[in-house]
Amino acid sequence: WRSVATRTEDATPTPAPIRLGDCSFKFVASLCPERDESGDIKQWSPHELDEKPSCDEWHKHADGPFCTFHICDSKGMTGLYALVVDGSVRYIGQCEDLRRLVNTGYGTISPAKLCKKGGQSTNCKLNHGVLEVSTAGGRVEQYFCQYEQPKSDRQKRKMHLIRSHTPSWNG
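Not measured: the values here are computed from a predicted model.

Novice: Before we go on, may I ask you to explain helix α4 (residues 121–135) in this structure?
Specialist: For an α-helix, the turn length of 3.6 residues means that residues three or four places apart are oriented alike. Over its 15 residues, α4 runs 21 Å from end to end, which matches the ideal 21 Å to within 8%, given 1.5 Å per residue. Of all the positions in α4, only N123, C124, K125, L126, N127, G129, V130, L131, V133 and S134 are classed as buried. At the exit of α4 stands G137, carrying a positive phi of roughly 90°.

Novice: Hey, could you run me through the confidence of the model for the protein chain in this one?
Specialist: Interpreting fine coordinate detail is not advised for predicted regions of low pLDDT. Mean pLDDT over the protein chain stands at 86; residues scoring 70 or higher make up 85%. Model confidence for the protein chain, summarised as mean pLDDT per element, is weakest for helix α1 (residues 46–49) at 68 and strongest for strand β3 (residues 79–85) at 97. Across residues 1–9, where pLDDT falls below 50, the model places 28 contacts with residues more than four positions away in sequence or in other chains.

Novice: How do you make sense of helix α5 (residues 151–165) when you look at a structure like this?
Specialist: End to end, α5 covers 21 Å across 15 residues, agreeing with the expected 21 Å (1.5 Å per residue, within 8%). Listed as buried for α5 are R154, K158, L161 and I162. The buried residues of α5 all sit within an arc of 100° when viewed along its axis, so they share a single face. Set apart from the buried face of α5 by more than 90 degrees, the exposed residues are K156 and R163. Looking at the buried positions of α5, the neighbouring elements they touch are β1 (18–20), β2 (23–31), β3 and β4 (88–95). Residue T166 follows α5 closely and has a positive phi angle near 40°.

Novice: Explanation requested: the environment of L20 in the structure shown.
Specialist: Mapped onto the elements, L20 comes out in strand β1. Among all residues touching L20, those that are not within four sequence positions of it are F25, A82, V89, I92, L161 and H165.

Procedures and definitions
- Residues numbered from 1 in each chain as written.
- Predicted model: local features only at pLDDT ≥ 70, side-chain atom pairs only at ≥ 80, totals over all residues.
- Heavy atoms only, no water.
- Helix = DSSP H or I, 4+ residues; strand = E, 2+ residues; numbered from the N terminus.
- Expected span 1.5 Å × (residues − 1).
- Buried < 20%, exposed > 50% of the residue type's maximum accessible area, 1.4 Å probe, protein only.
- pLDDT = per-residue confidence, 0-100.
- Contact = heavy atoms within 4.5 Å.
- Arc of directions from axis to C-beta.

What follows is the structure, encoded as structure tokens:
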């Protein structure tokens with residue numbers, strides 16, 4: 001098993017681009033959680049790591065469990081991205097740097113930074129979603145549409161796509 005997301009896994013062909021509205025999204029990577037020596041996905045819960053757990057400190061997506069995954073390329077890619085499972089769009093987002101967003105955001109959950117109230121609950125929700133799909137034997141594929149317009153324009157385009165496609169992990 002690979003511990004990082006890859007463009008293709010062994011002999012699996014690279015998925016074709018997808019079209020969402022007027023945007024063409026290219027396949028970037030399959031999000032593959034790290035695995036232990038026996039091939040099981042490494043999982044953990046932030047409550048296990050907190051020395052003084054207090055229920056009122058955690059946001060609603062902080063329970064976990066979580067996993068860790070990374071993408072190798074895509075540095076500096078600015079635009080819109082989609083997470084797809086079995087041909088179904090599960091999440092649509094926008095970013096300044098796709099690799100940084102995945103590798104230090106929802107691919108690596110920091111309990112102190114992300115799981116407590118005021119942290120990034122979306123990162124926790126996405127990480128847990130990737131873990132659930134992967135544990136069930138599925139695959140989360142990440143697609144990207146280059147869109148270097150101002151952030152406010154990307155946000156409008158993202159919201160339009162969310163309203164049009166109603167991905168289950170958004171909202």
